[in-house]
Structures are given as structure tokens and as C-alpha cells.
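Structure assessment
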Amino acid sequence: MRRVFMMVLALMVSASFGAVGCLLEAGSLSGSGGVGQEQKPPVPSKRVLIVYFSHSGNTREMANQIHGIVGGDLFEIVTVQPYPQEYKAVIDIAKRERDSQFRPKLTKRVESLDSYDLIFLGYPNWYGTLPMALMTFLEENDLSGKTIAPFCTHGGGGLGKGVEDIQRLAPRATLLEGLAVKGALVKTAKGDVENWLRKLGMVRP
């Protein structure tokens, strides 16, 4: 009788360990690093460059907000011939440049562009598309194989044709969903910027 009892007990213990093992394998038991824990998506480890052109300062503010969240390097596109500060004068020039497809010269170029994987590209919406300074940048730099995240400030036209023109001038780049923020709202747009970056998988939820 004692021998039978010991055999039954051994079978019960063995079954218990087997059940625990099944639970662990299925992830039903949680713990530090347990299989059953929901894993947060990793933040991309790509090297980041934030390129932007800004006239009024709104796009610069947006670029700085992105930089404060994802880090990386900042590069401001600056034209050799400065634009006037007066609003009417600058929009007149912007229209003439767009109509003539003028390409303004830039004061500097990005060093070691090949070392960057992800490029945030920022611009103000001028007459429904990119300022011509952005066109110059895109034509002078080969962004093949890069990932581009466009962002812009505007007075009501959103991204305009900017994304379409970026794709046309950088056809071998991967274009992510862009973000447009009204210029008057940029200083309070950090939450919108962070939500956009989270949607793109650049920050943890």
C-alpha cells in the first residue's frame, strides 16, 4: 500500500511541474522579462538629421521641438541672398521664384550626409509648396535610401504640394507621413509634434 501511495504522489508532483512549465511557455505567468509581458516597440536607432528652412522662425521652432524629443543633429538651410523681413515683400519674391522655378544658392552644405538614415525635412508652405531653397537642397543632395519625415508650418494650406515635390526630387527615398502646423499655433504644438512622432514609432507610447 505504501508503495502505491508513493507512486501516486510522484505522479501528482510531476503533473504539477508539467502544468507550470506549460503556463510559462504560453506566457501566462508574468514576471521581469517574462514571455507573457507586452513588449513596447523599440525606438529606432537610426542617426537623425533635422533639416529645415525658416523665414519667420516658426519652422525653426518646430524643428527645435522635434530635436528636443528625438535628438539628432540640426541643419538650417540659409540662402546666400537673404529674404526681406517685410511680409508683403517676401511673399512677392516667393511667388516670382516659384513661377520661374528659380533655385537660390545656399550658404553651406550638410557634412557627412551619408552617415544619416532618418531626415526630418521642414519648410514653411510658400504658395502651396516648398520654398525654392528646399528645391535647391533636394537637388544638391542625394537622399537615395534615406527615410524622410516632412513637416511644415502654414497659414491654412497644410502640407500643400510639398510632399509631392519632395517625392519627385528624392524618388529613391522612403517618405513618411508628414505633419503640418499652423504658424500661429507652433509655440503650443509640442503635444501634436510628440503624437506625430509616436505615430511614426520615434518615441515610446
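Notes on the structure follow. (Residues numbered from 1 in each chain as written. Predicted model: local features only at pLDDT ≥ 70, side-chain atom pairs only at ≥ 80, totals over all residues. Heavy atoms only, no water.)

Remarks on the nonpolar core
By size, the foremost hydrophobic cluster in this structure holds 30 residues, and its most contacted members are L49, V51, I77, L121, F137 and L138. The set of elements that each furnish at least two residues to this core consists of β1 (48-52), α3 (87-100), β3 (118-124), α4 (132-140), β4 (147-154) and α5 (162-169). Those residues in contact with L138, other than ones at most four positions away along the chain, are L121, L130, L143, I166 and L169. Grouped together as the second largest cluster of nonpolar side chains are 19 residues, Y52, F151, W196 and V203 included. (Core = buried A, V, L, I, M, F, W, Y, C linked by side-chain atoms within 4.5 Å. Buried < 20%, exposed > 50% of the residue type's maximum accessible area, 1.4 Å probe, protein only. Helix = DSSP H or I, 4+ residues; strand = E, 2+ residues; numbered from the N terminus. Contact = heavy atoms within 4.5 Å.)

Quick look at unusual backbone geometry
Its identity as a non-glycine residue notwithstanding, Q101 has a phi of 55°, on the positive side. Residue position: Q101 is located in the loop between α3 and β3. On the basis of relative accessible area, Q101 is assigned to the partly exposed category, the value being 39%. Positioned with a positive phi, Y127 is a non-glycine residue whose angle comes to about 55°. Tracing the backbone shows Y127 in the loop between β3 and α4. Residue Y127 is classed as partly exposed on the basis of its relative accessible area, which comes to 35%.

Some remarks on the side chain of T136
Looking at the secondary structure, you find T136 in helix α4. The contacts of T136, once residues within four sequence positions are left out, are R103, P104 and L106.

Topic: the packing of helix α2 (residues 58-70) against helix α6 (residues 190-199)
One way to put it is that α2 packs onto α6 with a least axis distance of 10 Å and a crossing angle of 55°. Between α2 and α6, the angle is such that the two are oblique. Where α2 crosses over α6, the handedness of that crossing is right-handed. Where α2 abuts α6, its residues M62, Q65, I66, I69 and V70 lie against K190, V193, E194, W196 and L197. Of the residues contributing to the contact of α2 with α6, the split by class is seven nonpolar, one polar and two charged. (Axes fitted to C-alpha atoms, helices over the stretch in contact; angles between N-to-C directions. Parallel < 35°, antiparallel > 145°, perpendicular 65-115°, else oblique. Left-handed = near helix turned anticlockwise from the far one by under 90°. Nonpolar A, V, L, I, M, F, W, Y, C, P; charged D, E, K, R; others polar.)

As for the pairing of strand β2 (residues 73-76)
In this sheet, β2 lies alongside β1 in parallel orientation, the contact comprising four bridges. Along β2, the bridge assignment pairs I50 with L74. (Pairing = 2+ DSSP bridges.)

Some remarks on the packing of α4 against α5
Contact geometry of α4 with α5 gives a least axis separation of 9 Å together with a crossing angle of 25°. Taken together, the axis directions place α4 and α5 in an arrangement best described as roughly parallel. Handedness of the crossing formed by α4 with α5: right-handed. Contact residues: α4 offers M135, L138 and E139, while α5 offers D165, I166, R168 and L169. A class-by-class count of the residues in the contact of α4 with α5 yields four nonpolar, no polar and three charged.

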